[in-house]
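So you can see what is in the structure, the chains are spelled out below.
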2 protein chains.
Amino acid sequence: MLWDILFILCSVILSVYCEFSKVHISPKSGSYVSITTKTNISSYVWPYPIKMTCTDNAYYILRNEMHFALMSPGEFPNSHPILSNAFNEYYHIIHDLTKQIPDSFIQKSKFEVELGFIQLNVTLDIDDASLTFDTKEDYNLSVGYPASTLMATNVYGALRGIETFSQLILEYSDNQLYVHECDVNDAPYFKHRGILYDTSRHFLPVPLLKTHLDVMAWNKFNIFHWHIVDMQAFPYVSDMFPDMSAKGAYSSRHTYSKSDVQEVITHANMHGIRVMVEFDTPGHTDSWGKGQPGLLTPCYTDDKPDGTYGPINAISDVTWPFLTGLFKEIVSEFKYQYIHLGGDEVNFDCWKSNPYIQQWMKESNYTDYAMFEQFYMNKLIELVEQLGKSYVVWQEVFDNGNKIKQDTIIHVWKDSHNWEEEMNNVTAAGYHALLSSCWYINLISHTPDYETYFRCDPEKFGGTNLQEILVLGGEATIWAELVDGTNSLSRVWPRASPIAERLWTGSSTIDISNDELYDRLHKHRCRLLNRGIPAEPLGPGYCTYPWE
Amino acid sequence: MLWDILFILCSVILSVYCEFSKVHISPKSGSYVSITTKTNISSYVWPYPIKMTCTDNAYYILRNEMHFALMSPGEFPNSHPILSNAFNEYYHIIHDLTKQIPDSFIQKSKFEVELGFIQLNVTLDIDDASLTFDTKEDYNLSVGYPASTLMATNVYGALRGIETFSQLILEYSDNQLYVHECDVNDAPYFKHRGILYDTSRHFLPVPLLKTHLDVMAWNKFNIFHWHIVDMQAFPYVSDMFPDMSAKGAYSSRHTYSKSDVQEVITHANMHGIRVMVEFDTPGHTDSWGKGQPGLLTPCYTDDKPDGTYGPINAISDVTWPFLTGLFKEIVSEFKYQYIHLGGDEVNFDCWKSNPYIQQWMKESNYTDYAMFEQFYMNKLIELVEQLGKSYVVWQEVFDNGNKIKQDTIIHVWKDSHNWEEEMNNVTAAGYHALLSSCWYINLISHTPDYETYFRCDPEKFGGTNLQEILVLGGEATIWAELVDGTNSLSRVWPRASPIAERLWTGSSTIDISNDELYDRLHKHRCRLLNRGIPAEPLGPGYCTYPWE
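As the structure is a prediction and not an experimental result, all values here were calculated from the model. (Residues numbered from 1 in each chain as written. Chains lettered and ligands numbered in written order. Predicted model: local features only at pLDDT ≥ 70, side-chain atom pairs only at ≥ 80, totals over all residues. Heavy atoms only, no water.)

**Q** Looking at this model, I keep getting lost on the sheet that holds strand β11 (residues 192-198) of chain A. Mind explaining?
**A** Within a beta sheet, neighbouring strands are joined by backbone hydrogen bonds and run either parallel or antiparallel to one another. Residue and element names in this part refer to chain A. The strand order around the closed barrel built from 8 strands is β11-β12-β13-β16-β17-β18-β19-β20, with neighbouring strands paired in parallel fashion. Here the average twist between neighbouring strands, direction ignored, is 30 degrees. Where strand β17 (residues 390-394) and strand β18 (residues 409-412) come together, 3 bridges link them in parallel fashion. Among the inter-strand pairings, V393 is bridged to a residue of β18, identified as I410. (Pairing = 2+ DSSP bridges. Helix = DSSP H or I, 4+ residues; strand = E, 2+ residues; numbered from the N terminus. Axes fitted to C-alpha atoms, helices over the stretch in contact; angles between N-to-C directions.)

Here's what the structure looks like:
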């Protein structure tokens with residue numbers, strides 16, 4: 001990547017200049033204006049940082065005079081694409097800020113006038129912009145006078161810190177914003193903090209995905225789990241197998257070209273988000289069969305093929321050359337270390353009906369079709385491993401007793417009321433685990449559900465400390481049976497936000513009262529409206545401006 | 001009203017001129033192009049007409065050459081505001097049409113070329129544009145060669161017919177639309193076909209309400225039940241009692257001024273929709289108390305006022321002068337014959353705790369607080385009656401054994417699984433009834449709910465024919481605890497559409513198969529997308545163009 005230049009130490013300084021010529025209390029030019037406020041500013045930060053201390057002091061920024069400048073010491077480059085992009089985005093976010101919550105929430109007391117200006121210095125330890133599972137996202141932010149400082153290990157931690165900085169700025173009047181004096185020491189609790197988007201049941205256009213990625217970054221999510229194909233449609237355009245989308249997508253208007261995919265990945269990476277793609281097999285593959293004859297298992301009724309098809313046929317001559325070619329192409333496009341291989345909800349009936357598979361089972365001394373699935377999954381994992389990838393699979397691959405490789409990550413999704421047992425079993429067997437069971441945000445309800453999402457703790461399953469260490473994080477899922485471009489943003493936001501906090505913050509905020517939770521999440525939701533996202537309400541109430 | 005000119009017979013002619021200079025099969029200028037198509041055009045019409053017969057013939061309209069002209073015989077006015085407005089709106093709707101459903105749905109066969117042009121003649125029996133409960137909406141539409149004709153009793157029937165006409169037009173190519181040859185004889189089954197919008201739990205901006213009114217008209221709804229205030233907020237701006245919104249609304253940005261209200265009513269009426277406003281009392285009035293001291297009942301704990309308030313205090317000196325003044329103002333603004341007086345969910349505890357009410361009960365020989373509610377409701381009904389209005393109340397007013405006037409309409413809303421008993425009781429007592437119990441579309445689910453809404457028949461409660469006649473219709477409700485401008489359109493549409501068909505069509509389509517229902521409703525949903533409404537999906541699938 002362009003910006004992937006090797007510097008061990010890079011210091012980048014961001015200055016937010018503020019000029020006060022138009023301020024109504026007429027301070028001297030270049031002067032520093034502070035106010036004392038009773039605004040509980042820490043309640044505005046979402047997800048809650050590991051450690052945050054704020055005072056009642058705040059400093060003015062004039063909206064129309066504000067500008068950003070990126071500076072660096074002589075020996076370092078004076079720009080960094082990811083930070084430049086962030087500065088530009090946050091300039092607009094901050095500039096366009098309007099009151100996010102009702103006036104009555106902001107209790108002002110006496111004003112004080114001081115002299116100075118506001119500056120945020122960003123310092124990085126390393127200039128490595130590669131984005132792996134282990135990429136750090138820690139930052140220390142100190143907002144104060146005469147300068148605010150942001151220190152981070154790398155550019156991705158800086159992104160997280162700038163987001164927090166932006167959340168410490170509120171609107172005071174048409175001309176004026178104010179930034180609050182705070183110290184923040186922050187780092188993510190879980191490394192894998194994701195949302196699964198399903199683009200098969202309904203196609204989600206690229207601009208919409210990019211908007212979701214923006215909001216994910218504002219919530220400090222870092223994994224875009226792209227469930228790109230499924231039984232209903234195959235929107236992924238393959239160079240090697242163009243028929244897959246030509247015949248398997250809903251239409252040519254409902255596909256992701258190579259450049260679409262790269263646009264999404266680039267946008268994600270620019271915001272510190274990894275794209276973990278899923279090609280779910282051997283089940284959920286009906287749409288695959290349209291473009292690749294011989295891939296799916298022909299089902300039999302009364303000893304004859306009945307014209308229907310089942311999961312991928314692990315012993316067809318077509319299957320392994322096809323999968324090898326397809327995954328080679330996938331791996332060349334999706335650079336993130338992990339790929340999701342699916343493996344959920346495989347129905348054995350069709351395999352059982354097929355005489356060729358029956359025969360093969362007999363010859364192989366296989367007695368159980370779960371073993372046939374295991375045969376398939378292990379072969380697939382081996383293939384993907386040879387292509388240099390790590391992999392995640394749905395819990396059934398573990399549940400079915402498959403002897404899977406020890407470095408496989410098991411994604412627990414079943415049983416929203418009793419996922420603890422599964423997490424216990426998976427980690428007791430020494431596997432790394434991801435949790436989604438309690439975070440199926442597609443399962444909408446007519447009563448508020450954010451509390452349930454907020455209070456689900458992936459580590460709280462009664463395991464040992466060692467088992468807890470194997471929990472890598474989790475994902476919200478927005479399966480798309482009833483979701484497309486018309487309602488996707490309002491359905492995901494702010495309902496995924498409680499999950500963002502649990503994954504970023506760990507359990508330290510899990511016990512806050514419902515009132516405090518509502519207050520904080522409501523403010524966060526109003527901020528999303530402020531930033532142009534139609535995030536739906538949490539309950540009766542209002543933000544400062546009605547959404548039109 | 002401007003257009004309320006008394007003509008017993010008015011004939012208005014709308015011409016859709018089509019010129020063919022750019023048609024790719026190069027017919028002669030002024031020629032008439034017909035195609036034979038296997039498109040099942042009747043499946044595109046929603047709600048389904050009482051009677052519709054279509055052939056496989058269709059006629060081209062060139063999108064860019066199409067224009068509307070309104071003509072009338074010499075003695076009649078050559079324009080009518082409501083029709084002119086409709087012609088303008090439908091010009092854009094039809095002009096902007098794009099393919100609503102996948103190409104494969106349209107099975108074209110041979111082409112034939114004929115000569116001619118398309119013309120729609122609209123004929124009205126009367127030119128009375130008043131909009132009462134009894135206003136007819138019938139129409140007869142014949143789409144064919146050399147002219148299409150639309151006959152209606154009045155302008156509102158014409159609106160319904162033009163909507164149907166617009167649904168018989170599909171896109172063929174970039175340049176070309178085609179209109180299908182059909183005969184339609186249509187009239188609504190139920191007279192009252194409404195949606196309740198709650199603008200208290202969340203404020204809904206006027207432009208959003210107007211968009212909803214547009215979509216309501218496309219679905220042939222005719223009642224906008226405006227649940228304008230409730231316990232959470234009082235957004236209605238009263239001239240006589242300005243403190244009601246100044247103190248009771250969320251903020252000054254969350255209010256409906258006099259001109260806002262008139263803008264909504266005018267927009268509704270222009271689309272054949274009545275605005276039935278609801279001021280729900282005596283419960284659900286917490287927000288009322290902020291602007292009118294002495295109105296609500298002070299609740300007592302341990303023989304002392306505890307600072308909380310209950311329902312409106314029917315025996316306070318403040319109450320009746322206030323209600324008289326308020327309702328006078330309401331009646332002067334909301335011209336529709338009916339007003340909804342609420343009366344639901346009155347909690348008696350606060351009344352019971354209040355020593356003054358206890359004393360009054362004793363002196364009046366009242367033993368039951370339902371009688372106290374009855375005292376209030378009867379006094380309110382009398383007040384509203386004196387102001388010349390008819391009224392609707394929620395079912396509790398009937399359930400509590402109130403002796404209410406016989407011309408009261410009872411609105412049944414409770415118990416989605418056993419509303420039949422209530423409908424039976426209400427109509428057996430000789431009252432007119434409206435049904436909402438099975439149509440609470442705010443009660444969202446993660447499984448499709450449109451079938452349930454579709455198959456609910458307000459007349460199917462085991463009553464006599466006479467009882468069935470007392471059923472006037474029903475309403476979908478979109479209570480706004482979790483709904484505001486961010487998600488209102490996608491949540492209401494197309495989920496209210498099955499209800500629209502049941503109310504317009506009666507039970508004649510109630511038994512169609514789930515497949516046919518899905519096919520028709522999906523097409524209707526895609527049409528809504530086509531017209532710019534983010535109507536949410538019914539299940540996995542797609543419309544021609546993804547919603548961006």
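**Q** Just to check I follow, could you spell out the pattern of salt bridges for this structure?
**A** Should the charged atoms of two oppositely charged side chains come close, the side chains can pair. Overall, the coordinates contain 36 salt bridges over all chains when judged by the stated rule. Put simply, R201 of chain B and D198 of chain B hold a salt bridge, and the shortest N to O gap is 3.2 Å. The exposure class assigned to D198 of chain B is buried, which follows from its relative accessible area of 1%. The salt bridge partner of E329 of chain B is K258 of chain B, with a shortest N-O separation of 2.6 Å. Of this pair, E329 of chain B sits in helix α7 (residues 319-333) while K258 of chain B sits in helix α5 (residues 258-270); the two residues are 71 residues apart in sequence, bridging distant segments of the chain. Of the residues examined, E329 of chain B reaches a relative accessible area of 8% and is grouped as buried. One connected set of salt bridges, linked through shared partners, spans E137, R160, R193 and R274 of chain A. (Salt bridge = Lys/Arg side-chain N within 4 Å of Asp/Glu carboxyl O. Buried < 20%, exposed > 50% of the residue type's maximum accessible area, 1.4 Å probe, protein only.)

**Q** Looking at this structure, I do not really get helix α3 (residues 206-218) of chain B. What am I missing?
**A** Each α-helix turn comprises 3.6 residues. Residues three or four places apart therefore point the same way. Residues and elements named next belong to chain B. With 13 residues, α3 ought to run about 18 Å at 1.5 Å a step, and its terminal C-alpha atoms sit 19 Å apart, in line with that. With 10 of 13 residues buried, α3 lies mostly within the body of the structure. Taken together, the buried positions of α3 are V206, L208, L209, H212, L213, D214, V215, M216, A217 and W218. In the segment just after α3, K220 is the residue with positive phi, at about 65 degrees. (Expected span 1.5 Å × (residues − 1).)

**Q** It is not clear to me how the environment of F322 of chain A should be interpreted in this structure. Could you clarify?
**A** All names here are of chain A. Note on placement: F322 falls in helix α7 (residues 319-333). Its relative accessible area of 2% is what places F322 among the buried residues. Placed 280 residues apart in sequence, F322 and S42 show a C-alpha to C-alpha distance of 54 Å.

**Q** Would you explain the pairing of strand β10 (residues 176-186) of chain B in this entry?
**A** Two faces make up the sheet, and in a regular strand the side chains alternate between them. All names here are of chain B. In terms of residue burial, β10 counts as a mostly covered element, since 9 of its 11 residues are buried. As defined by bridge partners, strand β3 (residues 51-62) adjoins β10 across 9 bridges and the pair is classed as antiparallel. Bridging from a neighbouring strand, L62 pairs with Q176 of β10. With 5 bridges joining them, strand β7 (residues 139-143) and β10 adopt antiparallel strand pairing. Across the sheet, the residue bridging to S142 is D183, located in β10. Bridge analysis of strand β9 (residues 169-171) against β10 gives 3 bridges, and the strand direction is antiparallel. In the strand pairing of β10, I169 is matched with V179.

**Q** Explain α7 of chain A here, please?
**A** All names here are of chain A. Between its terminal C-alpha atoms α7 stretches 21 Å, which fits the 21 Å expected from 15 residues at 1.5 Å a residue. Burial runs high along α7: 11 of the 15 residues are buried. Where α7 is concerned, the buried positions are T319, W320, F322, L323, G325, L326, F327, E329, I330, V331 and E333.

**Q** Even after reading the chapter, I still don't get the UniProt feature "domain: Glycoside hydrolase family 20 catalytic" (unreviewed entry) in chain A, so can you show me in this structure?
**A** Cross-referencing UniProt, the feature "domain: Glycoside hydrolase family 20 catalytic" (unreviewed entry) maps to residues 190-506 of chain A in the present numbering. End C-alpha to end C-alpha, residues 190-506 of chain A measures 7 Å, and it is 39% helix and 19% strand. (UniProt positions renumbered as here; feature names shortened; annotations may be inferred.)

**Q** For this particular structure, what's the right way to read the UniProt feature "active site" (unreviewed entry) in chain A?
**A** Residue and element names in this part refer to chain A. As annotated by UniProt and renumbered to match this structure, "active site" (unreviewed entry) occupies E345. Turning to its location among the elements, E345 is positioned in the loop between β16 (338-342) and α8 (349-353). The contact partners of E345, leaving out residues within four places of it in the chain, are H284, E396 and W413. At a separation of 2.8 Å, a polar atom in the side chain of E345 contacts the side chain of H284. (Contact = heavy atoms within 4.5 Å. Polar contact = N/O pair within 3.5 Å; in protein donor to acceptor, adjacent residues only side chain to side chain.)

**Q** Whenever I open this one, the packing of aromatic side chains confuses me. Can you help?
**A** Each aromatic ring pair is described using two quantities: the centre-to-centre distance and the angle formed by the ring planes. Scanning the model with the defined rule gives 66 aromatic pairs over all chains in all. Measuring from centroid to centroid gives 5.9 Å for F348 of chain B and W351 of chain B, while their planes differ by 10 degrees, and the two rings are stacked. Take F348 of chain B: its relative accessible area is 17%, and that puts it in the buried class. Relative to Y440 of chain B, the ring of W413 of chain B lies with its centre 6.3 Å away and its plane at 20 degrees, an arrangement referred to as stacked. Of this pair, W413 of chain B sits in the loop between β18 (409-412) and α12 (419-428) while Y440 of chain B sits in the loop between β19 (432-435) and α13 (450-454), placing them 27 residues apart in sequence. You'll find W413 of chain B and Y440 of chain B in the same group, each marked buried. We note R253 of chain B situated over the ring of Y545 of chain A; from NZ or CZ to the ring centre the distance is 4.7 Å. Here the basic side chain of K523 of chain B rests over the ring of Y44 of chain B, its NZ or CZ set 4.6 Å away from the ring centre. (Phe/Tyr/Trp six-rings, centres within 6.5 Å; stacked < 30°, edge-to-face > 60°. Lys NZ or Arg CZ within 6 Å of the ring centre and 35° of its normal.)

**Q** Whenever I open this one, the domain arrangement of chain A confuses me. Can you help?
**A** Residue and element names in this part refer to chain A. For chain A, the assigned domains are domain 1 (10-186) and domain 2 (192-513). At the interface, 25 residues of domain 1 touch 26 residues of domain 2. Of the roughly 2100 Å² buried where domain 1 meets domain 2, counting both sides, 56% is carbon and sulfur surface. A per-residue breakdown of the area domain 1 buries against domain 2 is headed by W46, F133 and R160, which together make up 34% of the total. The interface formed by domain 1 and domain 2 holds 2 salt bridges in total. (Domains from an automatic or database assignment. Buried area = accessible area lost by both parts, 1.4 Å probe.)

**Q** Teacher, can you tell me more about the state of the cysteines here?
**A** Tallying each qualifying case throughout the model produces 8 disulfides over all chains. At a sulfur-sulfur separation of 2.0 Å, the disulfide partner of C438 of chain A is C456 of chain A. Measuring the twist about the S-S bond at about -70 degrees, one finds the C438 of chain A-C456 of chain A disulfide to be left-handed. You can see C438 of chain A sitting in the loop between β19 (432-435) and α13 (450-454) and its partner C456 of chain A sitting in the loop between α13 and α14 (465-469), a full 18 residues away along the chain. On the basis of relative accessible area, C456 of chain A is assigned to the buried category, the value being 6%. With a sulfur-sulfur separation of 2.1 Å, C299 of chain B is cross-linked through a disulfide to C350 of chain B. Around the S-S axis, the bridge from C299 of chain B to C350 of chain B shows a dihedral of about -110 degrees and counts as left-handed. A residue pair is termed long-range when its members are at least 10 positions apart, and C299 of chain B in strand β14 (residues 296-301) and C350 of chain B in helix α8 (residues 349-353) qualify at 51 residues. The exposure class assigned to C350 of chain B is buried, which follows from its relative accessible area of 8%. Listing the disulfide partners of chain A by sequence rank of the bonded cysteines yields 1-2, 3-4, 5-6, 7-8. (Disulfide = S-S within 2.5 Å.)

**Q** Mind showing me how you'd approach the interface of chain B and chain A here?
**A** Interfaces are often sized by the amount of accessible area the parts lose when they come together. Taken together, the contact between chain B and chain A spans 44 residues of the former and 44 residues of the latter. Summed over both sides, the interface between chain B and chain A buries roughly 3400 Å², with carbon and sulfur atoms accounting for 61% of that surface. Remark: the boundary between chain B and chain A carries 4 salt bridges. A salt bridge links D484 of chain A to R525 of chain B; the nearest nitrogen and oxygen atoms lie 2.6 Å apart. In this assembly, chain B and chain A are joined by 20 residue pairs in polar contact (both at pLDDT 80 or more). Those elements giving two or more residues to the side of chain B that touches chain A turn out to be α15 (488-492) and α17 (514-530) of chain B.

**Q** Explanation requested: the relation of the copies chain B and chain A in the structure shown.
**A** Two chain copies, one operation linking them: a rotation about an axis together with a shift along it. Placing chain B over chain A gives an RMSD of 0.0 Å and needs a rotation angle of 180 degrees, together with 0.0 Å of translation along the axis. On the angle and the small slide along the axis, the relation comes out as a two-fold axis. For chain B, the residue whose C-alpha comes nearest the rotation axis is S445 of chain B, separated from it by 2.9 Å. (Least-squares fit on C-alpha atoms with pLDDT ≥ 70 in both.)

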